Amino acid sequence: MEFTFGEEHEALRNTVRSFLDAESDEAAVRTAMASERGHDPGLWRRMAGEIGLAGLVVPEVHGGAGMGPVEALVVFEELGRSLACVPALSSYFAANVVLEVGSEADQAKLLPDLASGRALLTVAHVDAGGRWDLGVVSNEARREGEGSLLDGDWRYVLDGHVADRILAVARTSDGLGVFQVEADAPGVSRKALPGLDLTRRLADLRLDRVAARRLGEGDARAGLERAWLRTIAALAAEQTGAAGRCLELATAYAKSRYQFGRPIGSFQAIKHQCADLLVKVELMRSAAWNAAFVAASGEGDLEVAVRMARSYCAEAGFEVAAQALQIHGGMGFTWEHPIHLYLKRAKSSELLFGSAIQHRERLAERLAL
Amino acid sequence: MSGGGEAIGEEALRARVRELLAAAHPDEVDRVTFRRAQYDHGLAWVHFPEGYGGLGLSPGLQAIVDDEIARHARTTYADLVLNPIGIGMGAPTVLAYAPEAYKQALLPRIFTAEDVWCQLFSEPGAGSDVAGLATRAVRDGDDWIVNGQKVWASLAHRASWAMLLARTDPDKPKHDGLSYFLLDMRSPGVEVRPLYQITGDAEFNEVFLNDVRIPGDRILGKEGAGWRVAITTLMNERVAIGGYSRPGQGMAEKLLRLWREEGPSSPRGAQGRSAAEIAVLRDEVVRVHVESELLGITNQRTKDAMRAGTPGPEGSVAKLVQAELNKEITELALSVIGSDALVYETGYPLERVEAGERSLREFAKHDFLRSRANSIEGGTSEVMRNILGERMLGLPGEPRADKDVPWKEIPRGRA
């Protein structure tokens, strides 16, 4: 695998970074996270319209930017760096599911609204047991005439409290199905969860005899797996961007903070911690790049690349944020300093989509260990 | 013989190799005869100037020479096996700094490996801080008399020549009082002893220098300018070591093999271990495998970045990660082996040469001990972290007790 970025990637990175620097600085993040919705819908529509973030991988014919996993890598690194409160991960997941599972007609119906930012679309697949694993889906869909009826509880739905439509995953007589549920349909109830991480919101969803339309035909498991893996690859990029920012903050603090008449970064006790953070960020970057390039090329084993990235970035991403907080000393423990926002995002990102141990277990199976 | 020159292309170079093979073929003549002919054809190190074993070409073209020889001969010689320090570090230093007569006398014999070389820099009291070394060279007429102790010298027991760094002026700050000498290892007063490691092998030596006399014309560079010459040697060390397979490459693969063949799911490795114990171990095995893979990818990124002309911090990260990971992997290997790791089948022979054939288990146990040095040799992990912190992240240096101070006034412990 060769990692080459073109001028268009640099341009994309610069565009996204300038936009976020201007529109989603720390003050904006704090305002958004204190709001009821948890994000600024106007900002999201502008990101959708001006830089195509909502429909990143949506084909141009459906109003998207027609990009791929490497461009997503660039964008999510920047989103992680800024901690922007926008429904980017949920939209990316949903777009990938529609592309992998939906028919041409499904795509034409769902993707334009998603790409323009007019309607938020998210995916619900974790059942009441709370396990992030497509192999563990207990909610069932019942056929009713031409359509289906859904009953049950779905947990930890990304941006589920504000989504306009939900793609709910349920078992059917012929494998896994993905069902389109309108958020305002009778029988839909949802509850915003008070999150550990205030910058990315989750909701629980209860469906009570809700009429739903199935996407595509036949068992959706393989398509869902691919969409899931691509989303985890994007999350790894986001974690890398956030960790890189933590390293920047810690290094800058170590240079400017004086104790005992010296910048604390001149003490090896602090300097070596910074060096260890640099090492972790570089390995995270390797992991995230590898996952994105494997996803883009279609060569190599996507599952292995993504599970490697997932298991490493989950743990290292948190360790970097935690150690960066330690380097900030008492300042790092204040609400006023932004490092706790990164710590909370890092822990929530570690817990989303399954633990590092869970992903290593699947890797062990793949490696015949 | 066709003339060498700047414009020589790959085909002309290959033709020149075939001329060499017509004059002296490695399958037909002895090593010294063949290598001497290769030197005389300018094919020893093609990036050296003509007349010194080279043709003034780019160093990358040496691979063409090696390839062409390998195409036409069964017998080939590996520089890094024959005379790694002489060829990798000695020759470039001699070329850059030695008087003409020494260049002519020494360079061909380095290439033929008639003269094996070693390097005498490190001392018991000067490891990470090698510029603080204490071996003294004192003038005696035109000559120098050297006294001191050197350590971690590979190949000193076979070497005819050494690159020696010694202190000629203790009143100057440490970097300014050093001089660089060519030392004939056969001189009276040079004593070489094997340095036994925790593995029971001796890959290195201690070298004691007692009133060793060095003729005045064997100083390289000017008196007091030895550190600059040493930098040349050390830069080439990095290039030379880059040619070796990195220590520990494939260690994670060995661990996976060990798990599959002799781990808890094999009859020999089961040892009545509980499911929980096996699950924890397996998770750790996968974890170090993932980190090892990510290190490989990081190395790949370094190559890609260098090709694009934008080298980043990836290369400096690699040494640190590899060293620490090797230790983790081999510690884990012992956990996988379980109680049988109490047994060290090969024993500790206290011999110079490493033992020969080993089983997978014996390798794991040996590597467990040998890998302790990975985070010490070639720059300790602490020094690597300083480099990353100061050069990559721009953090300030420690206040120093040895800056602008005469060397003899620098505080030091007892070596």
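It should be noted that the structure appears before, not after, this text.
Here is what the cut-offs are and how they apply
Residues numbered from 1 in each chain as written. Chains lettered and ligands numbered in written order. Predicted model: local features only at pLDDT ≥ 70, side-chain atom pairs only at ≥ 80, totals over all residues. Heavy atoms only, no water. Helix = DSSP H or I, 4+ residues; strand = E, 2+ residues; numbered from the N terminus. Expected span 1.5 Å × (residues − 1). Buried < 20%, exposed > 50% of the residue type's maximum accessible area, 1.4 Å probe, protein only. Contact = heavy atoms within 4.5 Å. Buried area = accessible area lost by both parts, 1.4 Å probe. Salt bridge = Lys/Arg side-chain N within 4 Å of Asp/Glu carboxyl O. Polar contact = N/O pair within 3.5 Å; in protein donor to acceptor, adjacent residues only side chain to side chain. Phe/Tyr/Trp six-rings, centres within 6.5 Å; stacked < 30°, edge-to-face > 60°. Lys NZ or Arg CZ within 6 Å of the ring centre and 35° of its normal. Pairing = 2+ DSSP bridges. Disulfide = S-S within 2.5 Å.

Draft legend 1. Up close: helix H7 (residues 221-256) of chain A. Look at H7(A): 52 Å from first C-alpha to last across 36 residues, which is about the 52 Å you get at 1.5 Å a residue. Of all 36 residues making up H7(A), 27 are buried, and the element is well covered by its neighbours.

Draft legend 2. Spatial organisation of the interface of chain B and chain A. The interface of chain B with chain A comprises 39 residues on the first partner and 39 residues on the second. Overall, the association of chain B and chain A removes approximately 3,400 Å² of surface from exposure, summing both partners, and the carbon and sulfur fraction of that is 68%. The interface formed by chain B and chain A contains five salt bridges. Among the ionic pairs, A:Arg262 bridges to B:Glu398, the shortest N-O distance being 3.1 Å. Along the contact surface separating chain B from chain A lie 15 residue pairs in polar contact (both at pLDDT 80 or more). Of all elements in the fold, only helix H8 (251-262), helix H10 (275-307), helix H11 (314-337) and helix H13 (381-392) of chain B reach the threshold of two or more residues within the side of chain B that touches chain A.

Draft legend 3. Region of interest: the packing of aromatic side chains. With the rule as written, the count across this model stands at 19 aromatic pairs over all chains. Summarising the aromatic geometry, the rings of B:Trp144 and B:Phe181 are spaced 5.5 Å apart at their centres and angled 65° between planes, so their arrangement reads as edge-to-face. Of this pair, B:Trp144 sits in strand E3 (residues 143-154) while B:Phe181 sits in strand E5 (residues 178-184), and the two are 37 residues apart along the sequence. Judged by relative accessible area, B:Trp144 falls into the buried class, the value being 2%. A relative accessible area of 0% means that B:Phe181 is categorised as buried. Residues B:Tyr344 and B:Tyr348 carry aromatic rings whose centres are separated by 4.6 Å and whose planes lie at 10° to one another, so their mutual orientation is stacked. Put simply, the rings of A:Phe93, A:Trp132, A:Tyr156, A:Trp228 and A:Phe353 pair up and form one aromatic cluster. Lying over the aromatic face of A:Trp289, B:Arg301 brings its terminal NZ or CZ to 4.6 Å of the ring centre. Cation over ring: B:Arg358 sits above B:Phe363, and NZ or CZ is 6.0 Å from the ring centre.

Draft legend 4. Quick look at the pairing of E3(B). Residue and element names in this part refer to chain B. Summarising the sheet, strand E2 (residues 136-140) and E3 pair through five bridges and their orientation is antiparallel. Bridge assignment links Asp 140 to a residue of E3, and that residue is Asp 143. Counting the residues in the hairpin turn of E2 and E3 gives two residues, including Gly 141, whose phi is positive at 65°. As judged from the eight bridges shared by E3 and strand E7 (residues 204-214), these two strands associate in the antiparallel manner. Residue Lys 150 lies in a different strand from E7, and its bridge partner there is Val 207.

Draft legend 5. Fine view of the state of the cysteines. Residue and element names in this part refer to chain A. Under the counting rule described, the total for this entry stands at zero disulfides over all chains. Left unpaired, Cys 313 is separated from the closest cysteine sulfur, that of Cys 246, by 13 Å. On the basis of relative accessible area, Cys 313 is assigned to the buried category, the value being 0%.

Purely geometric stuff here, so don't read any function into it on its own.
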